[in-house]
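Architecture and fold: a report
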Amino acid sequence: MGYPLVYLPAIKGHVAQDIVWTLPAFLEFCYIVQQNVITDNTLSNLKNALDHFHYHRKIFWEVGSSDYKRYISLPRQHSLVHYEALIHLFGVLNGLCTSITESKHITVVKKPWWLSSKYRALGQILQTNQVSHNWLPLL
């Protein structure tokens, strides 16, 4: 936790206390889910970290930060509530992050959408992906 040890004292006293506590609450959650072994005690700590993050993040709405709405991904924050159940179902995540799936989503959905006529685009998207997939071995 080196980064918060430098950053948090620098902003303390300049911003609301809940803003100061939002960062370590979120980082604690991130550190826990990256562990190679997760026990029942670890899952309890994970839930506590998420609860603290959700409690402290409310300050951004209270102070009316427009940057919060522009730069913070609410769907990604919402996905955090599913981590505990997903760990029970599938095991440890071992560093899996949403950027991997997001980059694949851009490749197989967004780019073909941009190439389509936007009218009944699903068939066009599927055809674009099929053609791209057939050309891939030739490259």
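My aim in this report is to walk through the structure given alongside it, one point at a time. On a predicted model such as this, the values are computed, not experimentally measured, just so you know.

A separate point is the overall build of the protein. Assigned secondary structure in the protein consists of eight helices and zero strands. Helices and strands in the protein line up, N terminus first, as α-α-α-α-α-α-α-α. If you sum the accessible surface of the protein, you get close to 10300 Å²; carbon and sulfur atoms cover 62% of it.

What follows deals with the nonpolar core. Within the largest apolar cluster, 13 residues are counted, with the highest numbers of intra-cluster contacts made by Phe29, Leu46 and Leu80. Contributing elements (two or more residues each) for this core: helix 2 (17-33), helix 3 (40-62) and helix 6 (83-90). In terms of residue count, helix 3 provides more of this core than any other element does, five residues in total. Other than its neighbours up to four places away in sequence, leucine 46 contacts Phe29, Ile32, Val33, Glu84 and Ile87.

To continue, consider the pattern of salt bridges. This model, assessed by the stated rule, comprises one salt bridge. When the shortest N-O distance is used, the salt bridge between aspartate 51 and lysine 47 registers 3.4 Å. One end of the pair, aspartate 51, and the other, lysine 47, are both in helix 3, four residues apart, so they sit about a helical turn from each other. In this structure lysine 47 comes out as partly exposed when scored by relative accessible area, which is 45%.

In this fold, tryptophan 21 is placed in helix 2. You can call tryptophan 21 partly exposed: its relative accessible area is 45%. In sequence terms tryptophan 21 and arginine 57 are 36 residues apart; their C-alpha atoms lie 8.6 Å from each other.

Let's shift gears to unusual backbone geometry. Trans is the prevailing form of peptide bonds, just as negative phi is the prevailing case for residues other than glycine. Residue lysine 118 is not a glycine yet carries a positive backbone phi of 75°. Examined against the element boundaries, lysine 118 turns out to sit in the loop between helix 7 (98-115) and helix 8 (121-135). Even without a glycine there, the phi angle at arginine 120 is positive, about 50°.

Interaxial distance between helix 3 and helix 6 falls to 10 Å at its minimum, and their mutual angle equals 160°. Viewed along their axes, helix 3 and helix 6 adopt a mutual orientation that is roughly antiparallel. Along its contact with helix 3, which presents Leu43, Leu46 and Lys47, the element helix 6 presents Glu84, Ile87 and His88. For the contact of helix 3 with helix 6, a count of residues per class yields three nonpolar, one polar and two charged.

On to helix 3. Taking 1.5 Å as the rise per residue, helix 3 with 23 residues should run 33 Å; its terminal C-alpha atoms sit 34 Å apart, in good agreement. Among the residues making up helix 3, those that are buried are Thr42, Leu43, Leu46, Ala49, Leu50, Phe53, His54, His56, Arg57, Ile59 and Phe60.

Looking now at the side chain of threonine 42. Mapped onto the elements, threonine 42 comes out in helix 3. A polar atom in the side chain of threonine 42 sits 3.0 Å from the side chain of threonine 39.

Thresholds applied
- Residues numbered from 1 in each chain as written.
- Predicted model: local features only at pLDDT ≥ 70, side-chain atom pairs only at ≥ 80, totals over all residues.
- Heavy atoms only, no water.
- Helix = DSSP H or I, 4+ residues; strand = E, 2+ residues; numbered from the N terminus.
- Areas by Shrake-Rupley, 256 points an atom, 1.4 Å probe, with all protein chains shown as cover.
- Core = buried A, V, L, I, M, F, W, Y, C linked by side-chain atoms within 4.5 Å.
- Buried < 20%, exposed > 50% of the residue type's maximum accessible area, 1.4 Å probe, protein only.
- Contact = heavy atoms within 4.5 Å.
- Salt bridge = Lys/Arg side-chain N within 4 Å of Asp/Glu carboxyl O.
- Axes fitted to C-alpha atoms, helices over the stretch in contact; angles between N-to-C directions.
- Parallel < 35°, antiparallel > 145°, perpendicular 65-115°, else oblique.
- Nonpolar A, V, L, I, M, F, W, Y, C, P; charged D, E, K, R; others polar.
- Expected span 1.5 Å × (residues − 1).
- Polar contact = N/O pair within 3.5 Å; in protein donor to acceptor, adjacent residues only side chain to side chain.

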